[in-house]
Amino acid sequence: MHVSEQTQPMLEVRHLTKAFHLHLVDGRIIEPFVDVSFQVNSGEIFLLRGKSGIGKTTVLKCIYRTYLTTTGAIWYNSQRFQRVNIATANEDMVMQLREYEIAFCSQFLKVLPRVPAVDVTAEPLIRRGMAHAEARQEAERWLRRLGIEQSRWQASPVTFSGGEQQRVNLAHAFIARPRLLLLDEPTASLDASSKSIVLEIISEARAAGMTILAVSHDTAAMEPLANHVCWLSA
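Residues numbered from 1 in each chain as written. Predicted model: local features only at pLDDT ≥ 70, side-chain atom pairs only at ≥ 80, totals over all residues. Heavy atoms only, no water.

Undergrad: Which parts of the structure should I look at to understand the pattern of salt bridges?
TA: Where charged atoms from two side chains of opposite charge approach closely, those side chains can pair. What the rule picks out here adds up to 14 salt bridges. In this structure, arginine 127 engages glutamate 123 in a salt bridge whose closest nitrogen and oxygen atoms are separated by 2.2 Å. Separated by four residues within a single helix, arginine 127 and glutamate 123 lie in helix 3 (residues 117-127), roughly one turn from each other. Of the residues examined, arginine 127 reaches a relative accessible area of 40% and is grouped as partly exposed. Note on glutamate 123: relative accessible area 29%, which makes it partly exposed. Residues aspartate 218 and lysine 195 are paired through a salt bridge, measuring 2.9 Å at the closest nitrogen-oxygen approach. (Salt bridge = Lys/Arg side-chain N within 4 Å of Asp/Glu carboxyl O. Helix = DSSP H or I, 4+ residues; strand = E, 2+ residues; numbered from the N terminus. Buried < 20%, exposed > 50% of the residue type's maximum accessible area, 1.4 Å probe, protein only.)

Written as structure tokens, this is what we have:
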């Protein structure tokens with residue numbers, strides 16, 4: 001029997017374990033988390049908490065398939081492919097999910113040198129076929145909203161401060177309007193004014209139907225927005 005998207009969770013993580021084999025140290029195996037299970041419903045903000053080093057970002061990277069899982073399943077209710085186990089999906093399917101449905105926003109910016117901030121921000125729209133001029137105009141709107149001075153738009157983000165880089169990262173993530181957005185410490189490097197803007201954007205995105213799975217130590221800021229909070233423990 002087909003279960004509709006309305007009754008299925010957007011994301012269901014089942015018995016997830018990730019092990020790292022430290023070949024270059026002494027061959028030991030480290031498991032930051034074992035047997036993690038949770039589900040995220042469509043259109044909600046789900047906050048994943050836990051002490052530093054427990055593997056919260058690793059969970060996000062397993063969902064985005066930057067890391068392969070050791071055991072467990074990651075069921076995603078896709079518009080393009082229906083119900084998909086990201087843990088075992090083929091590479092072509094993973095790339096299409098990243099292109100059209102799932103975005104990952106790291107707290108650290110990784111871009112090619114000499115690419116202007118406006119083009120870094122516009123890149124997801126251009127990749128989807130939007131005209132370059134239109135995509136840049138939308139990127140400028142996001143950079144302005146996030147407080148990046150216009151004089152900086154043509155500069156490479158590698159020359160920016162940590163807080164500015166994080167805001168470019170956030171603009172790059174939200175501009176694409178993914179169905180599922182994975183946010184890693186979205187307010188970590190931000191001052192009070194920038195943090196307020198980002199929290200407003202996150203709230204607006206949920207209101208527009210985006211599903212957000214966030215990792216954050218900034219519980220005072222993020223917990224009031226969250227529909228559900230999950231504590232990740234060893």
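Undergrad: What is the right way to read the state of the cysteines from this model?
TA: Each disulfide consists of one covalent bond between the sulfur atoms belonging to two cysteines. Scanning the model with the defined rule gives zero disulfides in all. The thiol sulfur of cysteine 62 is not disulfide-bonded, and the nearest other cysteine sulfur, from cysteine 230, lies at 14 Å. (Disulfide = S-S within 2.5 Å.)

Undergrad: Before we go on, may I ask you to explain the side chain of glutamine 8 in this structure?
TA: On the secondary structure map, glutamine 8 appears in the segment before strand 1 (11-21). You can call glutamine 8 buried: its relative accessible area is 16%. There is a polar contact of 3.2 Å between the side chain of glutamine 8 and the side chain of asparagine 77. (Polar contact = N/O pair within 3.5 Å; in protein donor to acceptor, adjacent residues only side chain to side chain.)

Undergrad: Is there a simple way to explain the pairing of strand 8 (residues 211-215) in this structure?
TA: For strand 8, the buried fraction is high: five of the five residues fall into the buried class. What you see with strand 8 is no split at all: Thr211, Leu213 and Val215 on one side and Ile212 and Ala214 on the other are buried throughout. Bridging between strand 7 (residues 180-184) and strand 8 involves five bridges; their strand directions are parallel. Opposite leucine 180, over in strand 8, you have threonine 211 as the bridge partner. Once you follow strand 7 into helix 6 (residues 192-207) and on to strand 8, the crossover reads as right-handed. (Pairing = 2+ DSSP bridges. Right-handed = clockwise from strand over helix to strand, strands pointing away.)

Undergrad: Explain the pairing of strand 1 here, please?
TA: Here is the key point about a regular strand: its side chains alternate between the two faces of the sheet. The sheet contact formed by strand 1 and strand 2 (residues 29-40) spans seven bridges and is antiparallel. Among the inter-strand pairings, leucine 16 is bridged to a residue of strand 2, identified as valine 36. Relative to strand 4 (residues 71-78), strand 1 runs antiparallel, the two sharing five bridges. In the sheet register, glutamate 12 faces strand 4, and the bridge partner there is tryptophan 75.

Undergrad: Could you clarify how one ought to interpret the nonpolar core in this entry?
TA: Most often, soluble globular proteins have nonpolar side chains that are buried together. Within the largest apolar cluster, 38 residues are counted, with the highest numbers of intra-cluster contacts made by Leu170, Phe174, Leu181, Leu183, Ile202 and Ile212. Among residues more than four places away in sequence, those in contact with leucine 170 are Cys105, Leu146, Leu183, Pro186, Leu190 and Val198. One finds Leu48, Leu60, Ala89 and Leu180 within the second-largest nonpolar core, a separate group that totals 31 residues. (Core = buried A, V, L, I, M, F, W, Y, C linked by side-chain atoms within 4.5 Å. Contact = heavy atoms within 4.5 Å.)

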